[in-house]
Number of protein chains: 2
Amino acid sequence: MDYYSKHISKLIEEFSKLPGIGSKSAQRLAFHVLNMTQEQVDNLAGTIINAKKNVKYCKCCFTLTDEDMCPICKSDKRDHSVIMVVESTRDLAAYEKTGRYNGVYHVLHGAISPTLGIGPNDIKLKELIERLRGDVKEVIISTNSSVEGEATALYISKLIKPSGIKVSRIASGVPVGGDLEYIDEITLLRALEGRTDM
Amino acid sequence: MDYYSKHISKLIEEFSKLPGIGSKSAQRLAFHVLNMTQEQVDNLAGTIINAKKNVKYCKCCFTLTDEDMCPICKSDKRDHSVIMVVESTRDLAAYEKTGRYNGVYHVLHGAISPTLGIGPNDIKLKELIERLRGDVKEVIISTNSSVEGEATALYISKLIKPSGIKVSRIASGVPVGGDLEYIDEITLLRALEGRTDM
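Predicted, not measured: the structure shown is a model, and the values here were computed from it.

(A) Structural detail: the interface of chain A and chain B. Contacts between the two partners involve 48 residues from chain A and, on the opposite side, 48 residues from chain B. When chain A packs against chain B, close to 5100 Å² is buried across both sides, 69% of that on carbon and sulfur atoms. Connecting chain A to chain B are 0 salt bridges. At the boundary of chain A with chain B, the tally comes to 14 residue pairs in polar contact (both at pLDDT 80 or more). The set of elements that each furnish at least two residues to the side of chain A that touches chain B consists of α1 (6–16), α2 (23–35), α3 (38–54), β2 (64–65) and α5 (89–98) of chain A. Per element, the largest residue contribution to the side of chain A that touches chain B is 12 residues, and it comes from α3 of chain A. In terms of residue class, the side of chain A that touches chain B is made up of 23 nonpolar, 13 polar and 12 charged.

If you want it as structure tokens, here you go:
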């Protein structure tokens, strides 16, 4: 990076820290930003800062949202007795896009992974158990079908089953090893319809 | 984008304006940023703002740099009588990486393109002609081998030749239609060595 001046090198370095951005892409982004108008640059930087400042966890389902409680948890049109457990807000958005799920969610923010040192206490699992004290009829586990996602599903199922609440897992239909958010809506719906007891 | 809150949607939107970033990548970047520490976010935003504020054109060769004059133009170890004309600072960096070019540069910031409405006055061509009043022996035209780059090379060559200064063009060796910055250093060096008079 000696070929660029200090500020340009630093900008390229910052961009290359982002996921999926290699060294060439980072250079391309950096020079694109330098060619943007001052207003566009201020918008970009301001949006990043504001998002970080204003986005927080919903106090009920822990999705990322601007308010204390997210619109789904606040809605009285949703069935609050059915909770779908997902790994991330992006997975929640993937199911919302189908427009056919009427229950609420619980966002774990990760999955149990002994190799990465992520245990049950590192995800929002305690908070899920707290919610089950209310009037909950079913917990649908929609973690990814990766090794970590499956392990997390099994762990949660074993934890909840003694309470008598129905626990289900979205059907295989979601390809094994795939990330939930990249799957088409039809497959997501089929997986929801074909869910099996655990 | 209704599936995300206002601040998250805006962040995704800003990222998807960047080149090479599609809607899925923008979502991935947005959630990555939201999961970064406050310090990391401040660094990213600060670096963007600082780069835009501090990076300017070198008053001699018009490359993007932090100072009034770039290190190459300031250096007395470089041969200031040989000027390589490139389209962008990234192309300059590509030749600097070879470590074997000892002349100086002139960055046009674009190429002549009638279809995009970019004429000779929209790139730093006038500024190049100004520089030729000094002690210049050779101008090496290293614009991309795209249609626009070739047209620009021809235009510059016709403009300079009457003055008696030698004008050369980097050899074909650079694949036609390719972007200079993505080519390996060996090919770049071969193109430099095999340059022909225009």
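(B) Examining the nonpolar core more closely. Ranked by internal contacts, the top residues of the largest apolar core, which has 42 residues, are Phe15, Val33 and Ile48 of chain A together with Phe15, Val33 and Ile48 of chain B. Among the secondary structure elements, those contributing two or more residues to this core are α1, α2 and α3 of chain A together with α1 (6–16), α2 (23–35) and α3 (38–54) of chain B. Non-local contacts of Val33 of chain A, meaning those with residues more than four positions away in its chain, are made with Leu11, Phe15, Val41 and Leu44 of chain A together with Leu18, Ile48 and Lys52 of chain B.

(C) Summary view of the state of the cysteines. Residue and element names in this part refer to chain A. Going through the model one piece at a time under the given rule, you end up with 0 disulfides over all chains. Sulfur of Cys58: no disulfide; nearest cysteine sulfur belongs to Cys73 and is 3.8 Å away. Left without a disulfide partner, Cys61 is nearest to the cysteine sulfur of Cys73, which lies 3.7 Å away.

(D) View of helix α7 (residues 147–160) of chain B. Residue and element names in this part refer to chain B. Taking 1.5 Å per residue as the helical rise, α7 with its 14 residues ought to reach 20 Å, and the 20 Å between its terminal C-alpha atoms agrees with that figure. When we look at burial in α7, the residues that qualify are Gly149, Thr152, Ala153, Ile156, Ser157 and Ile160. One side of α7 holds all its buried residues, which, seen down the axis, span an arc of 135°. Those residues of α7 that are exposed and angled more than 90 degrees off the buried face are Val147 and Lys158. Structurally, α7 contributes buried residues whose contacts are with β3 (79–86), α6 (125–131), β5 (138–141) and β6 (166–169).

(E) Structural context of the confidence of the model for chain A. Averaged over chain A, the pLDDT score is 89; the fraction of residues at 70 or greater is 96%. The ipTM, which scores confidence in the relative placement of chains, is 0.76 for this predicted complex, and the corresponding pTM is 0.75.

(F) The arrangement of the packing of α1 of chain A against α3 of chain B in detail. Between α1 of chain A and α3 of chain B, the shortest axis-to-axis distance is 9 Å and the interhelical angle comes to 150°. Accordingly, the angle class assigned to the pair α1 of chain A and α3 of chain B is roughly antiparallel. Crossing of α1 of chain A against α3 of chain B: the hand is left-handed. Contacts between α1 of chain A and α3 of chain B involve His7, Lys10, Leu11, Glu14 and Phe15 of chain A from the first element and Asn43, Leu44, Thr47, Ile48, Asn50, Ala51 and Asn54 of chain B from the second. Considered class by class, the residues forming the contact of α1 of chain A with α3 of chain B number 5 nonpolar, 5 polar and 2 charged.

(G) Quick peek at the relation of the copies chain A and chain B. Note on the identical chains: chain A maps onto chain B by a rotation of 179° and an axial translation of 0.0 Å, with an RMSD of 0.1 Å. One copy is carried onto the other by what is essentially a two-fold rotation axis. If distances are taken from each C-alpha of chain A to the rotation axis, the shortest is found for Ala45 of chain A, at 2.4 Å. Here 100% of the contact residues of chain A are again contact residues in chain B; the copies associate through an equivalent surface.

Quick notes on the rules
- Residues numbered from 1 in each chain as written.
- Chains lettered and ligands numbered in written order.
- Predicted model: local features only at pLDDT ≥ 70, side-chain atom pairs only at ≥ 80, totals over all residues.
- Heavy atoms only, no water.
- Contact = heavy atoms within 4.5 Å.
- Buried area = accessible area lost by both parts, 1.4 Å probe.
- Salt bridge = Lys/Arg side-chain N within 4 Å of Asp/Glu carboxyl O.
- Polar contact = N/O pair within 3.5 Å; in protein donor to acceptor, adjacent residues only side chain to side chain.
- Helix = DSSP H or I, 4+ residues; strand = E, 2+ residues; numbered from the N terminus.
- Nonpolar A, V, L, I, M, F, W, Y, C, P; charged D, E, K, R; others polar.
- Core = buried A, V, L, I, M, F, W, Y, C linked by side-chain atoms within 4.5 Å.
- Buried < 20%, exposed > 50% of the residue type's maximum accessible area, 1.4 Å probe, protein only.
- Disulfide = S-S within 2.5 Å.
- Expected span 1.5 Å × (residues − 1).
- Arc of directions from axis to C-beta.
- pLDDT = per-residue confidence, 0-100.
- Axes fitted to C-alpha atoms, helices over the stretch in contact; angles between N-to-C directions.
- Parallel < 35°, antiparallel > 145°, perpendicular 65-115°, else oblique.
- Left-handed = near helix turned anticlockwise from the far one by under 90°.
- Least-squares fit on C-alpha atoms with pLDDT ≥ 70 in both.

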